[in-house]
Amino acid sequence: MLLRRSIYQELMDSTLRLGDAGERRILKMHKFCLRVETQKFTAGDIVHQDDLAPKKPGCENDFVLVKVQTWVDGAENVEFVGVGARFGKRIVSKEKNANQTHVVFANPRDSCKPLKNKLSGEVVIVDRGNCRFTAKANNAEAAGASALLIINNQKELYKMVCEPDETDLDIEIPTVMLPQDAGATLEKMLTNSSKVSVQLYSPRRPAVDVAEVFLWLMAIGTILCASYWSAWSAREAAIEHDKLLKDAIDEIPNTNDGGSGVVEINTFSAIFFVVLASGFLVVLYKLMSYWFIELLVVVFCIGGVEGLQTCLVALLSRWFQRAADTYVKVPFLGPISYLTIAVSPFCIVFAVLWAVYRNRSFAWIGQDVLGIALIITVLQIVHVPNLKVGTVLLSCAFLYDIFWVFVSKKLFHESVMIVVARGDKSGEDGIPMLLKIPRMFDPWGGYSIIGFGDILLPGLLIAFSLRYDWLANKTLRTGYFIWAMVAYGLGLLITYVALNLMDGHGQPALLYIVPFTLGTMLTLARKRDDLWMLWTKGEPERACPHHVRLEQCSDEK
């Protein structure tokens, strides 16, 4: 699936990213309250989901996250994140338009009665409870406050709305709720300092971030590299096979078996893979915890080491042919080339360093390197033998993505795929089986991410198309690969459009990629009268030399 991991989309159950004097730190928070029947509220509190919260004149603001930057005695200090109320004045979006205002505590602290404070434009801090949110705001405004900060009595943030019978909604000051921890920090600041000021603003996210462009190019480039490597290997194997035929060797090795290091999936294994993936996703969802994420990190590192080692050996073997072709027998591992032994320590150290520093801001680079190497290696080893298997695999993956992103909400009350991708309830920053790039121009930070499956599964079909084109001696225009790549790129692009239209909420990328990629392949194959060949055999017929026994050639066909 495709997801924009940002504080703005995680308004419902999220990781809030806070700034502290130039240093970014992460405050893990519990889920925002969504359902009235599962929480305990104080008098006058109402909590609804976005689409159920009532709107009426004076109470029709969109819920927005608000940055609350603090200054202590003129020095910039910690920044908090709160949520704006449905009522009151809208909060400015640009920092330059936000005033730096002195902050004080209300008297009485709950602001349920007219304040004794004589205010002249200060921001007033009140405690949650004992009366309606709107009553607190009206009393603060009547006392001369310029804004209201309501401190929650729990660590969660709650969405403040209006009750159906409320009429006194002509509120002209912005109202923001802060978590309990933020209130404790503010109280400590006011106790120990002579002056504390705050600045309230709610920056808007850009519609498109450059991270999405780079992630799109990364996905395209990964499939491109893997496809050419797979096609080159297949063509080398076919050339060697034809050479053996011309030499009339009696025992001709089968290039489609496991002896060549290639695993061809069939229809049953394609269906079983999706069923197994569904089971594994449920296990991840149910057992999501810190230690389970640690286990996934270890598994990812092992796969990443193998993938990076395979890619480096294949790349360096062009310059170090003798080291690549010379083997030494290693206990428990069997014959291993000297080149593999040389690059293995680097790969292991790279993966270990990423695991140790994976929570640092630069760790996404190591995760992407390991992930791309793993995807390329899998696409090199695992092959779709024909269009029939590719159709079954992608069709099942299409249904899988839709079910676990959308339909699972009906069964689990939340999207299982999104929860697992974000790593909710684990205390970690998501599972590692993702490619991600930080959102560079998003004021709320976060990452644009794409799951391995959204590259790997379509990549199996695209790599198959290039292998067929090369074996059939087709040109770029008359072949299938270029059109499959264009279709994949367009499908992924449409996914990004849907992601922005849905305000960044996770989208099942295969919902858009599969119809584009698979539909293009099927349509072109039928139009060119290649559908039967692609559907059944998956490779063109090869001429058999006259001096080779007929039954030997027929076996190969």
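A brief look at the structure comes next. Given the structure is predicted, the values throughout are model-derived calculations rather than measurements. (Residues numbered from 1 in each chain as written. Predicted model: local features only at pLDDT ≥ 70, side-chain atom pairs only at ≥ 80, totals over all residues. Heavy atoms only, no water.)

For the rest of this paragraph, the subject is the state of the cysteines. Using the criterion set out here, one finds two disulfides in the structure. Between the sulfur of Cys 59 and that of Cys 162 lies a disulfide, 2.1 Å long from S to S. As the torsion about the S-S bond is roughly 105°, the Cys 59-Cys 162 disulfide counts as right-handed. One end of the pair, Cys 59, is in the loop between strand 3 (23-28) and strand 4 (65-72); the other, Cys 162, is in the loop between strand 8 (147-151) and strand 9 (175-178), with 103 residues separating them in the sequence. When sorted by exposure, Cys 59 lands in the same class as Cys 162, which is buried. Bridging Cys 112 to Cys 131, the disulfide has an S-S length of 2.1 Å. (Disulfide = S-S within 2.5 Å. Helix = DSSP H or I, 4+ residues; strand = E, 2+ residues; numbered from the N terminus. Buried < 20%, exposed > 50% of the residue type's maximum accessible area, 1.4 Å probe, protein only.)

Attention now moves to the nonpolar core. Counting residues in each nonpolar core, the largest one holds 84 residues, and the members touching the most others are Trp 354, Val 420, Leu 435, Ile 455 and Tyr 488. Those residues in contact with Ile 455 that sit more than four places away from it in its chain are Ala 219, Thr 222, Ile 223, Ile 375, Leu 435, Ile 450 and Tyr 488. Grouped together as the second largest cluster of nonpolar side chains are 28 residues, Val 83, Phe 133, Ala 140 and Ile 173 included. (Core = buried A, V, L, I, M, F, W, Y, C linked by side-chain atoms within 4.5 Å. Contact = heavy atoms within 4.5 Å.)

A word on the pattern of salt bridges. With the rule as written, the count across this model stands at six salt bridges. The salt bridge involving Arg 439 is made with Glu 212; its shortest N-O contact spans 3.2 Å. Placement of Arg 439 in the loop between strand 15 (434-438) and strand 16 (447-451) and of Glu 212 in helix 3 (residues 210-246) is noted, with a sequence separation of 227 residues between them. Glu 212 shares its class with Arg 439; the two are buried. Residues participating in the shared-partner salt-bridge network are Arg 109, Asp 127 and Glu 187. (Salt bridge = Lys/Arg side-chain N within 4 Å of Asp/Glu carboxyl O.)

Summarising the element assignment, Lys 136 is placed in helix 1 (residues 133-142). Within the structure, Lys 136 has its side chain in polar contact with the backbone oxygen of Asp 127 (distance 2.9 Å). Setting aside residues up to four positions removed in sequence, Lys 136 forms contacts with Asp 110, Ser 111, Cys 112, Val 126, Asp 127, Arg 128, Gly 129, Cys 131, Leu 148 and Ile 150. (Polar contact = N/O pair within 3.5 Å; in protein donor to acceptor, adjacent residues only side chain to side chain.)

Before going further, it helps to examine the packing of aromatic side chains. Scanning all chains against the criterion turns up eleven aromatic pairs. Look at Tyr 228 and Phe 481: their rings are 5.6 Å apart centre to centre, the planes differ by 85°, and that puts the pair in the edge-to-face class. On the criterion of sequence distance, the pair formed by Tyr 228 in helix 3 and Phe 481 in helix 12 (residues 481-501) is long-range, its members being 253 residues apart. Take Phe 481: its relative accessible area is 3%, and that puts it in the buried class. Relative to Trp 291, the ring of Tyr 290 lies with its centre 5.1 Å away and its plane at 80°, an arrangement referred to as edge-to-face. Taken together, the ring pairs connect Tyr 285, Phe 403, Trp 404 and Phe 412 into an aromatic cluster. Lying across the ring of Tyr 480, Arg 528 places its NZ or CZ 4.9 Å from the centre. (Phe/Tyr/Trp six-rings, centres within 6.5 Å; stacked < 30°, edge-to-face > 60°. Lys NZ or Arg CZ within 6 Å of the ring centre and 35° of its normal.)

The next thing to look at is helix 1. Residues three or four positions apart in an α-helix share a direction because the helix packs 3.6 residues into each turn. Counting buried positions along helix 1 yields seven of ten residues, so the element is predominantly enclosed. Turning to helix 1, its buried residues are Phe 133, Thr 134, Lys 136, Ala 137, Asn 138, Asn 139 and Ala 140. Residues of helix 1 that are buried make contact with strand 7 (123-127), strand 8 and strand 9. Downstream of helix 1 by a residue or two, Gly 144 has a phi angle that is positive, lying close to 105°.

With 26 residues, helix 9 (residues 387-412) extends 35 Å from end C-alpha to end C-alpha; this agrees with the ideal 38 Å at 1.5 Å per step. Taken as a whole, helix 9 carries its principal kink of about 45° at Trp 404. Every buried residue of helix 9 is listed here: Leu 387, Val 389, Gly 390, Thr 391, Leu 393, Leu 394, Ala 397, Tyr 400, Asp 401, Trp 404, Val 405 and Ser 408. Buried residues in helix 9 make contact with helix 4 (267-287), helix 10 (416-422), helix 11 (453-471), helix 13 (510-527) and helix 14 (531-537). Between the side-chain oxygen of the N-cap and the backbone nitrogen of Lys 388 there are 3.2 Å, and the N-cap of helix 9 in question is Asn 386. In the stretch just after helix 9, His 413 is the one whose phi turns positive, near 65°. (Expected span 1.5 Å × (residues − 1). Bend = angle between axes of the 7 residues up to and from the residue.)

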